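# Architecture and fold: a report
Next come the chains, spelled out residue by residue.
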Amino acid sequence: MRFAQDDRELLALVRRYVTPDRRYLKLGGAALGMAAPARAKFTRRLGKAAGVITPRELTVLLEGGWRERKTAAWLIAVARRTEFRERLGELLLASEVCYAGTAYCVTLATFGTRADADLIAAYLDRYLRRPDLFYDQSAAMGALLHLDAELRTHQAARVLAPGGLWQQWIDGPPRKEHHGTPDSHHEAISRLCDFVDEATEHCTARRR
């Protein structure tokens, strides 16, 4: 992992893409609470940043801490840089840092293919077997349900079956019944994907 305080290249990218207007803090749930004018301004700037950042710069940010990785994942989502799919899948599965996992899930959900669903499912297969860990299982569940809805598939059904991995994780210590439902997680991820789409409208580098 690279640290901005010791890495001039990474520090320059943090100052350009991560910290302006405290962007890294607004990406995610906080973005959904923005008033319309602030949201329009934020998505416009996010889209423009996603359009100019290079693959090399994104790679460097993904080698940083949670702030850098979270921001990079969102920029990747907005620009539809699907060449980062496998890397994001690896980072999600590794779960090396906090706060970035939801961003990976949003990005994979935005890409919207069976390959993305497979990466999310692999994460759930590993981490729903660890009820002692409260990582990004909720976001991944929401992302898989979002992808099922988009693709008309049923990957989540196996996980959500009575007595299945989701129920085992929820019931395991510590119990997590107050942390939302699969439907609420699905709604949250879908709303974040809509936010990404708004920013994409301002991104000149968007791709499918």
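Preceding this paragraph is the structure being described.
Quick summary incoming for the structure in this document.

Reading the values: rules and limits
Residues numbered from 1 in each chain as written. Predicted model: local features only at pLDDT ≥ 70, side-chain atom pairs only at ≥ 80, totals over all residues. Heavy atoms only, no water. Helix = DSSP H or I, 4+ residues; strand = E, 2+ residues; numbered from the N terminus. Rg over C-alpha atoms; globule rule 2.2 N^0.38 Å. Expected span 1.5 Å × (residues − 1). Buried < 20%, exposed > 50% of the residue type's maximum accessible area, 1.4 Å probe, protein only. Salt bridge = Lys/Arg side-chain N within 4 Å of Asp/Glu carboxyl O. Phe/Tyr/Trp six-rings, centres within 6.5 Å; stacked < 30°, edge-to-face > 60°. Lys NZ or Arg CZ within 6 Å of the ring centre and 35° of its normal. Axes fitted to C-alpha atoms, helices over the stretch in contact; angles between N-to-C directions. Parallel < 35°, antiparallel > 145°, perpendicular 65-115°, else oblique. Left-handed = near helix turned anticlockwise from the far one by under 90°. Contact = heavy atoms within 4.5 Å.

Further remarks concern the overall build of the chain. Secondary structure summary: the chain contains 13 helices and 0 strands in total. The linear arrangement of helices and strands in the chain, starting from the amino end, is α-α-α-α-α-α-α-α-α-α-α-α-α. Relative to its length of 208 residues, the chain is compact, with a C-alpha radius of gyration of 17 Å against a globular reference of 17 Å. The C-alpha extent of the chain, read off along each of the three principal axes, is 50 × 35 × 30 Å.

So, about helix α6 (residues 66–79). The first and last C-alpha atoms of α6 sit 20 Å apart over 14 residues, in line with the 20 Å expected at 1.5 Å per residue. In terms of burial, α6 is largely enclosed, as 13 of its 14 residues are buried. Phi for Arg80, located one or two positions after α6, is positive at around 55°.

Another point: the pattern of salt bridges. Across all of its chains, the model carries 15 salt bridges by this definition. The partner of Glu9 in a salt bridge is Arg2, with the nearest N and O atoms 2.8 Å apart. Classification of Glu9 as partly exposed rests on a relative accessible area of 34%. The salt bridge involving Arg158 is made with Asp125; its shortest N-O contact spans 3.1 Å. Here the residue Arg158 occupies a position in helix α11 (residues 155–160), and Asp125 occupies one in helix α9 (residues 114–127), the gap between them amounting to 33 residues.

All told, the structure shown has 8 aromatic pairs when counted by the stated rule. When the centroid spacing of 5.6 Å and the interplanar angle of 50° are considered together, the rings of Tyr127 and Tyr135 count as tilted. Ring pairs connect the aromatic residues Tyr24, Trp66 and Tyr99, which therefore count as one cluster. Here the basic side chain of Lys176 rests over the ring of Trp169, its NZ or CZ set 4.9 Å away from the ring centre.

Our next topic: the packing of helix α4 (residues 36–52) against helix α13 (residues 182–200). Relative orientation and spacing of two packed helices are given, respectively, by the angle between their axes and the distance between those axes. Direction vectors running N to C along α4 and α13 enclose 65°, while the axes themselves pass 7 Å from each other. With respect to α13, the element α4 is oriented roughly perpendicular. Handedness of the α4/α13 crossing: right-handed. Two secondary-structure elements touch here, α4 through Arg39, Phe42, Thr43, Leu46 and Gly47 and α13 through Phe195, Glu198 and Ala199.

This part covers the environment of Gly33. Along the chain, Gly33 turns up in the loop between α3 (29–32) and α4. Taking C-alpha positions, Gly33 is 28 Å from Ala156, a pair spaced 123 residues apart along the chain.

Before going further, it helps to examine the side chain of Thr71. Relative to the helices and strands, Thr71 resides in helix α6. By relative accessible area, which is 0% here, Thr71 ends up buried. Not counting chain neighbours up to four residues away, the residues in contact with Thr71 comprise Tyr17, Val18, Arg23, Tyr24 and Leu27.

A few words on α9. In this model, α9 (14 residues) spans 20 Å end to end at C-alpha, consistent with the 20 Å of a helix rising 1.5 Å per residue. On its buried face, α9 is in contact with α7 (85–94), α8 (101–111), α10 (137–151), α11 and α12 (165–171).

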